Amino acid sequence: KKEIGPYEILIPKMSHDLINAGSILHNCVGGYADIVMSKRSLILLFQRDKNLEVCIEIDVQTRTLRQATLDRNKSILMSSKEVKELQEILSEIE
């Protein structure tokens, strides 16, 4: 179980997990199954108190952040502490 601040981090394993997240967050992450399953992107979902709030896409090859969004694709700014914690978590994920 990974956490950053008040968030529990979930890693979708199946395409229906992405579809469900897209439905909850009103975004298109449900259509990312191909790039996730081919390991070109990693999707991290952040939930607080069992409520899904944040969706982050990571480029697997470069380990860089492609996008981070809230509900309805609203942009999110991460503090330097949160970015550092995210980088540490990414270093642990194979």
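These remarks concern the structure in this document. All of these numbers come straight from a predicted model, not from anything done at the bench. (Residues numbered from 1 in each chain as written. Predicted model: local features only at pLDDT ≥ 70, side-chain atom pairs only at ≥ 80, totals over all residues. Heavy atoms only, no water.)

So, the side chain of Asp 59
Phase 1 of the analysis: Here Asp 59 lies in strand E4 (residues 51-59).
Phase 2 of the analysis: There is a polar contact of 3.0 Å between the side chain of Asp 59 and the backbone nitrogen of Gln 61.
Phase 3 of the analysis: Setting aside residues up to four positions removed in sequence, Asp 59 forms contacts with Arg 40, Thr 64 and Arg 66. (Helix = DSSP H or I, 4+ residues; strand = E, 2+ residues; numbered from the N terminus. Polar contact = N/O pair within 3.5 Å; in protein donor to acceptor, adjacent residues only side chain to side chain. Contact = heavy atoms within 4.5 Å.)

Observations regarding the pairing of strand E2 (residues 7-10)
Phase 1 of the analysis: Here E2 shows a clear split, with Tyr 7 and Ile 9 buried on one side and none of Glu 8 and Leu 10 buried on the other.
Phase 2 of the analysis: The sheet contact formed by strand E1 (residues 2-4) and E2 spans three bridges and is antiparallel. The partner of Glu 3 across the bridge, within E2, is Glu 8.
Phase 3 of the analysis: Where E1 hands over to E2, the hairpin turn is made up of two residues, of which Gly 5 adopts a positive phi near 55°.
Phase 4 of the analysis: One ladder, built from three bridges, connects E2 with strand E3 (residues 41-48); its direction is antiparallel. Bridge pairing in E3 links Ile 9 to Phe 46. (Buried < 20%, exposed > 50% of the residue type's maximum accessible area, 1.4 Å probe, protein only. Pairing = 2+ DSSP bridges.)

What about the pattern of salt bridges?
Phase 1 of the analysis: For the coordinates displayed, the defined rule picks out five salt bridges.
Phase 2 of the analysis: In this structure, the salt-bridge partner of Glu 53 is Arg 48, at a minimum N-O distance of 2.8 Å.
Phase 3 of the analysis: Residue Glu 53 is classed as partly exposed on the basis of its relative accessible area, which comes to 21%.
Phase 4 of the analysis: Taking the relative accessible area as the measure of exposure, Arg 48 reaches 31% and is therefore partly exposed.
Phase 5 of the analysis: A salt bridge links Arg 72 to Asp 71; the shortest N-O distance between them is 3.9 Å.
Phase 6 of the analysis: The network of salt bridges with shared partners includes Glu 57, Asp 59 and Arg 66. (Salt bridge = Lys/Arg side-chain N within 4 Å of Asp/Glu carboxyl O.)

A look at the environment of Asn 27
Phase 1 of the analysis: Relative to the assigned elements, Asn 27 resides in the loop between helix H1 (15-25) and helix H2 (33-37).
Phase 2 of the analysis: Given the relative accessible area of 14%, Asn 27 is considered buried.
Phase 3 of the analysis: As for Asn 27 and Lys 13, which are separated by 14 residues in sequence, their C-alpha atoms are 18 Å apart.
Phase 4 of the analysis: Excluding residues within four positions of it along the chain, Asn 27 makes contact with Ala 21, Gly 22, Cys 55, Thr 69 and Asn 73.

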